[in-house]
Amino acid sequence: MEKRVELNGKWGLLLAPNSDVKQNGFEPTTVAELESAPYLNIPATVPGCMELDLYAAGIEPDPYFSQNPLLYQKYENRHLWYYTTFECDEITPQTSLCFEGIDTVADIILNGKTVGHAENMLIGHTFCAGEYLKQGKNELIVHILPYMIAARDHAIAPLNRTQYYNQAALAYRKAAYMFGWDIMPRFVSGGIWKPVYLVQKSAERFEQCYLYTVRVDAKNNTAALVAHVQFDTDADLFDGMKITVDGVCGDSSFHGEKRPYHTYENIVMNLAGAKFWYPKNYGEQNLYDVVIRLWRGDEVLDEQSFRFGVRVIDLERTSVLESDGSGKFGFVVNGKKVFCLGTNWVPLDAFPCRDKERLPMALELLGESGCNMVRCWGGNVYEDDAFFDFCDENGIMVWQDFCMGCAIYPEDERFLSMLEEEAIAVIKRLRNHPSLSLWAGDNENDAFIKGWFNRHANPNDIPATRKVLPMAVRNHDPMRTFIPSSPYVDSVAFERNMSTPEEHLWGPRDYFKGQYYKRARSCFASEIGYHGCPSPKSLEKFIAQDQLYPVLDANDKGTPDYLVHAASMDTNITSPYAYRIPLMVKQVRNFFDKEADNLCDFAKQSQMSQAEAKKYFIEKFRIGKPHRSGIIWWNLLDGWPQVSDAVIDWYGCKKLAFKFIQRSQQPICLMFDEPDGGKIKLFAVQDGGKDQKITYAVRNVMTDEVLIEGKANVAAESSACIATLGAVEELEFWVIEWTTEDGISGTNHFTTKTEHVSYEEYLAALQKCGMDEFEGF
């Protein structure tokens, strides 16, 4: 049992340039010194960050508008002192000071004494506080060093490379996106970004409780479970002590108990009448309410409760795609092969202190999307527990990258030790969630080392992802699969220099039905995307009025505001991410016969192009099963106001692609493949489900002619051709409608031409069938 005293809310914040701090030997340890210092002193909010405090104080303008993000780069040399006072009435040796997140390099000063140091923003930090606290008023100061200055203290070897703006990210453990990414702005930032509190813990208590499924027998509804627990006690002997484990899900329950012989124990249980957890489309999301208790006689010393899903998830994979296209990368849940319809999950906000307030909206949109998988991208922070609770409840499998991406990280003992500590903390926090399906070591690091060093550096020699992380997963979450990278280039793939079955399909990002996408043979695409312009109402909120349209200058380069929100860290047209605005325009020009001459129609054109692209990618993979086993498109929701591949902008305004994706991801869906030999095949695809009959019809929207109608048998977990039509070269817009024997109706569409089409004709077809579902126009 524990008691908390929250220390969140209003604090003070002092900002001082590094040169002044060094020159003046400024090392305050009391609130009085801070309040009398000749530097900028403003109110602060905890959880929060420096940039939002500066904005709230009226010192700087809206960090998301126009080119304002660039103004905040001058604060990268600032020392930050967050400070507060609080009352404390109860002090014990077990009193701790807990920070769930500090960004990043910080000293913790309690009543004038340094009680701790932090160098990792991605995990929490707990410091013993009992001997430093006093009855009554206490002072707490958090001195956060300027990251960009502190990073200079650590050498970076020639091997260790990052993307253009990110080299300093290698010094400590901080979210990579904060240094600038093609989807996120540069706010290197600093602050106490998660809650802080005092906690009083019982002298006898659990330190960890981990419940896992060893095996399942889905046919006989049985399972084998193990609970691993660790507890603390000062007692010499364990007389009268016991550990009990109880789980209940409806009319199914399990119980286990054991007299402890050590402070680390395992309780083995066999479960009959098991209710299993499955991902969406493949079964129910049964969750057991679990309580684990530590007893002495009839007294409960401590207890932990959580929800638990009984399931075993395996990953079937081969090292390479063979020359004949054969290969495997697919998930199997309780013996069922699962087709994954997923989206990539990126930062919810440029300032991670706001992630939690944006999470409910994001989760609602994730639920609406029809996805049964979400990939937590490695450039981000680790998500809140509420995210995983939602995925548990809604059958959404979580692919979790460890927080590394697009870089070759240091291999020295200091860095690897920080990474190991982080990995163990994250694994212990998340491992009881049934939705957590896969640990991945990083995002694209294998591909980057292979490309940057022209195959002279082998990704299988990376100690972070070949030694540290797999050992952490093996020791602390032994029943969950780990892959070192996404995509994963193992020793076989490296030696044979062949494509992997799981790929990130970006390529030239030209016409979405061009040769690159048509010829892709991947079993599983864990990244694939296409640009879509936000709505005019959204653009007006972050682009200055005089730059709204056109989006390109006379030389076909992005205008300054659009460059910054693309997301360049300056307004230089040769910057690494300056290509993104011209790319969006190029994609529009590929789809339509002419580019619109006004913002409203241009934004619609861009959203139409994106919507048809995302639809094509998803349906190509669904039609291609069982060889193809999943697609995780990029991405659901923007992390700040920008032009991007997201299908929902930062303000929550849905682009047209979101509606198209919802239809393409229906559990039973009818869809056309691409023309072949003058013919075009109509496929019925079902993920999971049962064998059933459907009736269907295909109608040409432009002429109201019914092209084909009929009945078909649709097998469970299948993709099969049910009809064939003649291919059409000109633009026609076909609506496909069907009804299952259970009375469930569905709608989809097919556009016979998606290159150099008439905008007016395409828009008219959307309007006629009610699919012109634009928001914010």
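In case you missed it, the structure is sitting above this.
Residues numbered from 1 in each chain as written. Predicted model: local features only at pLDDT ≥ 70, side-chain atom pairs only at ≥ 80, totals over all residues. Heavy atoms only, no water.

### Observations regarding the overall build of the chain
Looking only at helices and strands, the chain has 17 helices and 37 strands in total. What you see for the chain is a C-alpha radius of gyration of 28 Å, in line with the 28 Å of a compact globule of 777 residues. When the backbone C-alpha atoms are referred to their principal axes, the chain occupies close to 85 × 70 × 50 Å. Counting every position in the chain, which comprises 777 residues, the buried fraction comes to 61%. (Helix = DSSP H or I, 4+ residues; strand = E, 2+ residues; numbered from the N terminus. Rg over C-alpha atoms; globule rule 2.2 N^0.38 Å. Buried < 20%, exposed > 50% of the residue type's maximum accessible area, 1.4 Å probe, protein only.)

### A word on the sheet that holds strand β21 (residues 329-333)
Strand order across the open sheet formed by 3 strands is β20-β21-β22, with antiparallel pairing between neighbours. The open sheet is flanked by β20 (313-317) and β22 (336-338), the only strands paired with a single partner. The sheet shows a mean angle of 35° between the axes of neighbouring strands, direction not considered. Sheet analysis places β21 next to β22, joined by 3 bridges and oriented antiparallel. (Pairing = 2+ DSSP bridges. Axes fitted to C-alpha atoms, helices over the stretch in contact; angles between N-to-C directions.)

### Observations concerning the pattern of salt bridges
Taken as a whole, this structure holds 38 salt bridges when the rule is applied. With its nearest N and O atoms 2.8 Å apart, the salt bridge here joins Glu322 to Arg496. One end of the pair, Glu322, is in the loop between β20 and β21; the other, Arg496, is in helix α10 (residues 491-496), with 174 residues separating them in the sequence. A residue is classified by how much of its surface remains accessible, and Glu322, at 28% relative accessible area, is partly exposed. Among the residues examined, Arg496 registers a relative accessible area of 41% and is labelled partly exposed. One connected set of salt bridges, linked through shared partners, spans Asp182, Arg509, Arg580 and Asp645. (Salt bridge = Lys/Arg side-chain N within 4 Å of Asp/Glu carboxyl O.)

### Some thoughts on the packing of helix α15 (residues 599-623) against helix α17 (residues 759-768)
It is at 12 Å that the axes of α15 and α17 come closest, and there the two elements cross at 70°. With respect to α17, the element α15 is oriented roughly perpendicular. Taking contact as the criterion, the partners of Asp601, Lys604, Gln605, Met608 and Glu612 in α15 are, on α17, Tyr759, Tyr762, Leu763 and Leu766. When its residues are assigned to classes, the contact of α15 with α17 shows 5 nonpolar, 1 polar and 3 charged. (Parallel < 35°, antiparallel > 145°, perpendicular 65-115°, else oblique. Contact = heavy atoms within 4.5 Å. Nonpolar A, V, L, I, M, F, W, Y, C, P; charged D, E, K, R; others polar.)

### Observations regarding the packing of aromatic side chains
Per the counting criterion, the structure on display carries 51 aromatic pairs. Their ring planes at 55° and their centres at 6.5 Å tell us that Phe402 and Phe482 sit as a pair that is tilted. One end of the pair, Phe402, is in the loop between β25 (397-401) and α7 (413-430); the other, Phe482, is in strand β27 (residues 481-483), and 80 residues separate them in sequence. Like Phe402, the residue Phe482 is buried in the burial classification. Taking the centre distance of 5.9 Å and the plane angle of 45° together, the rings of Trp734 and Phe750 count as tilted. (Phe/Tyr/Trp six-rings, centres within 6.5 Å; stacked < 30°, edge-to-face > 60°.)

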